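One letter stands for each residue in the lines below.
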Amino acid sequence: MRVNFRVNGRPHEADDVWEGESLLYVLRERMGLPGSKNACEQGECGSCTVRLDGVPVCACLVAAGQVEGREVVTVEGLANFAKDRAAGCAGGACGGTDLNAARQWEADPERAERADDGAVSGAGAELSTVQQAFIDAGAVQCGFCTPGLLVAADELIERNPQPSDADIREALSGNLCRCTGYEKILDAVRLAAAREESQTAGTGA
Amino acid sequence: MGGVTRTPTNLTQGSATKGGIGESTLRPDGTLKVTGEFAYSSDMWHEDMLWGYTLRSPHAHAEIRSIDTSAALAQAGVHAVLTYDDLPTEVKNYGLEIQDTPVLAHGRVRHHGEPVAIVAADHPETARRAAEKIRVDYAPLPVVHDEATATAEDAPLLHPGRDDHHAGHVPHPNVVHRQPIVRGDVEAARARADVIVSGEYEVGMQDQAFLGPESGLAVPAEDGGVDLYVATQWLHSDLRQIAPVLGLPEEKVRMTLSGVGGAFGGREDLSMQIHGCLLALRTGKPVKIVYNRFESFFGHVHRHPAKLWYEHGATRDGRITHMKCRIVLDGGAYASASPAVVGNASSLSVGPYVIDDVEIEAVALYTNNPPCGAMRGFGAVQACFAYESQMDKLAAELGMDAVELRRLNAMSQGTIMPTGQEVDSPAPVAELLRRVKALPLPPEKQWESGDTAGTSVDVRALPGGLSNTTHGEGVVRGVGYAVGIKNVGFSEGFDDYSTARVRLSVVGGEPVAMVHTAMAEVGQGGVTVHAQIARTELGVTHVTIHPADTRVGSAGSTSASRQTYVTGGAVKHTCEAVREKVLELGRAKLGTYHPAWATAELLLEGGKVVTDGGEVLAGIADVLEDEVVDIELEWRHRPTEAFDLRTGQGQGHVQYSFAAHRAVVEVDTELGLVKVIELACAQDVGKALNPQSVVGQIQGGTTQGLGLAVMEEIVVDTDGKVRNPSFTDYLIPTILDTPTIPVDVLELADPNAPYGLRGMGEAPTLSSTPAVVSAIRAATGLALRRVPVRPEHLTGT
């Protein structure tokens, strides 16, 4: 079958999809978006968490056919999604592409070099607040749980800009991490919320 | 948020060069990991690739009478179906130490989930359905599932005709390896004891549960070889096992490390590597294999379940007189790392205590249970649960404080281990216990909200959580302590070396270092530390980490807490050689301009050659110009020796690592539900090369220990069948199950190690488990001799 849906603000079409394929499989194997992870494929670990029409879901438990005509945000689109939200056009409401984004295909050797350099990791790419906070707080080790946690944490801060620790634990309880013991993930979400708060205060928005 | 230590205390500052050792520099792969661009082994993709799938045995022990693959081969989209008969050479087994593991089963399956056939097809579902059409005629055999059935006189032999190097000294062919250790005079010491306590303890089978499933992509090459992209812990060990089975010379099997989604020991053995290569070479097409979680539980070895019998004696004043123990580890159907796990369990069975008179025996069995091998803590975890449970029991018998008893008998630098080996670097066991005990306790009844006048209850802070099973009634708090000892690096005479290649050149007018090793970055942050070491040693800012592959010499395994020590040591050693070369070039080119080139101690700092007095002689870029310094060197830690097979004596270990925990738990005594409120850790790391990573390792290891204490066990029935191969039924701690983990890091340098560092990844996994159980004992008054502790153990139902 053929499935049409929007991924990270752009229309996508997948052909020859077998009816049993999950959204996760289509994203990873048919659309070249392997950022959403395949840790359990049974809805227990949260590492494939994406936004489906804004709602965080396990992409492994969504049949590909169910997303026909709908809007999906994956970790690959999280930075732009957060940027659009800050600009007041979340969910693809502002359809256009800004000039910088349109130029992303251009080679940028400086960016590549910066990304190679451990001391300034993250300085070269444009990241959302949550993504940068995960790097800064040491919340990333093997990183396999990270994409799902980022999508879930971003959604938490979107609806609850000042979450308590209990709120964070509740919101992220569907996302397994085997490396960190979660302490630095809590640090990262607190940091992201605080940075968002100070940015909002700073711009007077 | 009380009790959270966000920044560790007692860490030294870094060196002069920015981004060097001692700083919490950020991961070089961090950006790729948060944007989803980091390519894990399961993300590999190739034009025209096929999907591989493994048919596994539904029986724990059975004869294979016949295999019929015709229906599978006839299915549209299937490109190959291979069984034992299709293996290309006479070499049909592999193994880490003993080559006893069939690539595909031959005439007999020895455990539930053993690979029997492999399929390649154009879609993963096609491959799965084709595998279901393979008809295997099994005749079930009697199942060996514990020590009694394994060592019975008429027990079926798992590997008849064994000729491995342990076969000659084991008491029964179903014993993989036996290591006794005897020292002193136990009977005489026993006679001095005022109290004697004994106990039988049991540790369930724990799974590594790394999140990135076993996976990889094998691409056939024009030269008849194969390029393999895979997640592993040791590329060269894989290579040594893969090439002979494929009938290829090692240089025709080119391996590149893909992104690794955690390991914890579970990737030390092969999984899909040989199967992927066989299918790729047979079909002439790239083949990708990705296990799902169900298959992953069968796709790697687990932590050995263990039964441990211990006896300790003490005088009335709390001095331990002697210790006797017997440790039985279930190694399952194939040897994997069992012999080395026996070595660790026996040599570390005494714990971090001074006990001169001991009788120790550890064995690993061959059974029809799932194969067990490496997992974080590696034999020391099982022993630690037992000896720390004994310490609690002994303290209770003596009427002493349990921490005081431990501190009174704690080892220190100079202590002689049961193996006769002296502990020749700091061993701050008593100090670690003092530190965790001195921490303030978390406030009582945190479920009671303080900001309202009434009694508002936040059930999220209670045992049972949002299940809303209690509002505090029946909830009792307990506090418990434990401490442990882990060896660092490969022991018992293993040539445990690593290799590093370092290249220094000028790019855009700046000196740039490139570090190339075969070290498997599995999440631990080795790549971060390598760049830090290069900055410190070469005084450069820009360091590139080359992808890990087999085009450089072996780095050894990312296990045994050894990579920062050994591959870090190799990077340091090679950087020193590069630095000497730079200075040599400088002397030759510029020596006449300044007498200090010949007379002063010279350093590389901030991109320049400087004297130890701080005078700048030249820029590194000016010295190098267009020359490239490119050096590859091996580096070894000091040698060890095997343990004597009768007495267990020998200088077997390289270094020891110590951690202590204090657990605070709250138990709903009516329902048997446990909530761990806080799990504090103090650990000596010698030198924290990257403090943030060090704390992350301690918190992660602590949480895996918590999992073993109250949640995690692969349940295997007496038929050898795995009952819970999923994250629905095998539970690992979520963020709701995990408490705050305050960390206190000590840095007492080991003079034998690079920068004084101490391998530190495993020690926190040891004492976490017994500390939690000790706290539950304190809350409930129950003996609790088995982990994981389950609700029925607490309610008696």
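Since the structure is predicted, the reported quantities are computational estimates derived from the model, not experimental observations. (Residues numbered from 1 in each chain as written. Chains lettered and ligands numbered in written order. Predicted model: local features only at pLDDT ≥ 70, side-chain atom pairs only at ≥ 80, totals over all residues.)

(A) Structural detail: the overall build of chain A. From N to C terminus, chain A includes eight helices and five strands. For chain A, the α and β elements follow one another from N to C terminus as β-β-α-β-β-β-α-α-α-α-α-α-α. Looking at chain A as a whole, 54% of its 205 residues are labelled buried. Taking contacts inside chain A between residues at least 6 apart in sequence as the whole, the part at least 24 apart equals 59%. (Helix = DSSP H or I, 4+ residues; strand = E, 2+ residues; numbered from the N terminus. Buried ≥ 20, exposed ≤ 12 C-beta atoms within 10 Å, placed from the backbone. Contact = placed C-beta atoms within 7 Å.)

(B) Fine view of the overall build of chain B. Along chain B, the regular secondary structure elements total 19 helices and 31 strands. Here the C-alpha radius of gyration of chain B, 27 Å, is about what a compact globule of 797 residues would show, namely 28 Å. Dimensions of chain B along its principal axes, counting C-alpha atoms only, are 80 × 70 × 65 Å. Residues classed as buried in chain B amount to 60% of the 797 residues present. The long-range fraction of contacts in chain B, counting pairs at least 24 apart against all pairs at least 6 apart in sequence, stands at 79%. (Rg over C-alpha atoms; globule rule 2.2 N^0.38 Å.)

(C) Molecular detail of helix 6 (residues 235-246) of chain B. Residue and element names in this part refer to chain B. With 12 residues, helix 6 should cover 16 Å at 1.5 Å per step; its first-to-last C-alpha distance of 16 Å lies within 8% of that length. Restricting attention to buried positions, one finds in helix 6 the residues Leu235, Asp238, Leu239, Gln241, Ile242, Ala243, Val245 and Leu246. A positive backbone phi angle near 75 degrees is found at Gly247, which sits one or two residues after helix 6. (Expected span 1.5 Å × (residues − 1).)

(D) Structural view of the sheet that holds strand 4 (residues 55-58) of chain A. Residue and element names in this part refer to chain A. Strand order in this open sheet of five strands is 2-1-5-3-4, and the pairing throughout is mixed. Whereas interior strands pair on both sides, the edge strands pair on one side only; in this sheet they are strand 2 (10-14) and strand 4. Mean inter-strand twist for the sheet, computed between neighbouring axes without regard to direction, equals 40 degrees. Pairing between strand 1 (residues 3-7) and strand 5 (residues 71-73): two bridges, direction parallel. Note that in strand 5 the partner of Arg6 across the bridge is Glu71. (Pairing = 2+ DSSP bridges. Axes fitted to C-alpha atoms, helices over the stretch in contact; angles between N-to-C directions.)

(E) Highlighting the sheet that holds strand 30 (residues 743-746) of chain B. All names here are of chain B. Spatial strand order, 20-28-29-30: four strands in an open sheet with mixed pairing. Every interior strand has two partners, whereas the edge strands, strand 20 (475-488) and strand 30, have only one. Put simply, the sheet's adjacent strands are angled 20 degrees from each other on average, direction ignored. Relative to strand 30, strand 29 (residues 673-684) runs parallel, the two sharing four bridges. Paired with Cys681 across the two strands is Val743, which belongs to strand 30.

(F) Region of interest: the UniProt feature "domain: Aldehyde oxidase/xanthine dehydrogenase a/b hammerhead" (unreviewed entry) in chain B. Per the UniProt entry, the sites bearing "domain: Aldehyde oxidase/xanthine dehydrogenase a/b hammerhead" (unreviewed entry) are residues 35-142 of chain B in this numbering. The span residues 35-142 of chain B is 14% helix and 35% strand, and its two end C-alpha atoms sit 52 Å from each other. (UniProt positions renumbered as here; feature names shortened; annotations may be inferred.)

(G) The arrangement of the environment of Gly707(B) in detail. Residues and elements named next belong to chain B. Here Gly707 is to be found in helix 17 (residues 691-710). Taking the C-beta count within 10 Å as the criterion, Gly707 has 27 such neighbours and is therefore assigned buried. For the pair Gly707 and Leu239, spaced 468 residues apart in the sequence, the C-alpha separation amounts to 33 Å. Setting aside chain neighbours within four positions, we find Gly707 in contact with Glu712, Ile732 and Pro733.

(H) Fine view of the interface of chain A and chain B. With 54 residues of chain A at the interface, the matching set in chain B holds 62 residues. Among the secondary structure elements, those contributing two or more residues to the side of chain A that touches chain B are helix 4 (109-116), helix 5 (129-136), helix 6 (146-159), helix 7 (165-171) and helix 8 (183-203) of chain A. A breakdown of the residues in the side of chain A that touches chain B according to their chemical character gives 24 nonpolar, 17 polar and 13 charged. (Nonpolar A, V, L, I, M, F, W, Y, C, P; charged D, E, K, R; others polar.)

(I) View of the environment of Phe727(B). Topologically, Phe727(B) is positioned in the loop between helix 17 and strand 30. Spatially, the C-alpha atom of Phe727(B) lies 38 Å from that of Lys252(B), the residues being 475 residues apart in sequence. In contact with Phe727(B), not counting residues within four places along its chain, are Cys40(A), Gln42(A), Glu44(A), Cys45(A), Leu176(A) and Arg293(B).

(J) Broad picture of the confidence of the model for chain A. Within chain A, residue pLDDT values average 87, and 80% of them lie at 70 or more. When the criterion is pLDDT under 50, residues 105-124 of chain A qualifies, and its contacts beyond four places in sequence or with other chains add up to 34 contacts. (pLDDT = per-residue confidence, 0-100.)

(K) Representation of the domain arrangement of chain B in the model. Residue and element names in this part refer to chain B. In terms of domain boundaries, chain B breaks down into domain 1 (30-37 + 497-636), domain 2 (41-141 + 213-260 + 267-299), domain 3 (147-206 + 304-382) and domain 4 (428-486 + 655-795). With centres defined by C-alpha atoms, the gap from domain 2 to domain 3 works out at 34 Å. Opposite the 15 residues of domain 2 that make contact, domain 3 presents 17 residues. The residue inventory of the side of domain 2 that touches domain 3, partitioned by class, reads four nonpolar, six polar and five charged. (Domains from an automatic or database assignment.)

(L) Here's a closer look at the pairing of strand 17 (residues 320-330) of chain B. All names here are of chain B. By the criterion of burial, strand 17 is predominantly enclosed, with nine of the 11 residues buried. Pairing of strand 16 (residues 306-314) with strand 17, which is carried by nine bridges, proceeds in the antiparallel orientation. Residue pairing for strand 17: Ala314 is matched across the bridge by Ile320. Hairpin connection, strand 16 to strand 17: the antiparallel pair is bridged by five residues, and Gly318 has positive phi, about 95 degrees. You can see the chain leave strand 17, run along helix 9 (residues 338-347) and come back into strand 18 (residues 358-365), and the turn it takes is right-handed. (Right-handed = clockwise from strand over helix to strand, strands pointing away.)

(M) A look at helix 9 of chain B. Residues and elements named next belong to chain B. A large share of helix 9 lies buried, amounting to 10 of its 10 residues. The set of residues buried in helix 9 consists of Ser338, Pro339, Ala340, Val341, Val342, Gly343, Asn344, Ala345, Ser346 and Ser347. On the buried face of helix 9, the contacting elements are strand 9 (175-183), strand 17, strand 18, strand 19 (372-373), helix 10 (380-398) and strand 20.

(N) Examining the domain arrangement of chain A more closely. Residues and elements named next belong to chain A. Per the domain assignment, the segments of chain A are domain 1 (3-76) and domain 2 (78-203). At the interface, 19 residues of domain 1 touch 16 residues of domain 2. For the side of domain 1 that touches domain 2, the secondary structure elements donating two or more residues are strand 3 (49-52) and strand 5. At three residues, strand 3 tops the list of elements feeding residues into the side of domain 1 that touches domain 2.

(O) Up close: the nonpolar core. Residues and elements named next belong to chain B. Val119, Ala534, Val665 and Val772 are the most contacted members of the largest nonpolar core, which totals 306 residues. The greatest single-element share of this core, amounting to 10 residues, is contributed by helix 10. What Val772 contacts, discounting residues up to four positions off in sequence, is Gly480, Ala663, Val665, Val676, Leu679, Leu706, Ala709 and Val710. (Core = buried A, V, L, I, M, F, W, Y, C linked by C-beta atoms within 7 Å.)

(P) Main features of the pairing of strand 14 (residues 287-290) of chain B. All names here are of chain B. Burial along strand 14 is two-sided: Val287 and Ile289 facing one way and Lys288 and Val290 facing the other are all buried. Two elements, strand 1 (residues 50-56) and strand 14, share two bridges in a ladder whose sense is parallel. Bridge pairing links Trp51 to Lys288 in strand 14. Inspection of the sheet shows strand 11 (residues 215-220) paired to strand 14 by four bridges, in the antiparallel sense. Within strand 14, the residue paired with Leu217 across the bridge is Lys288.

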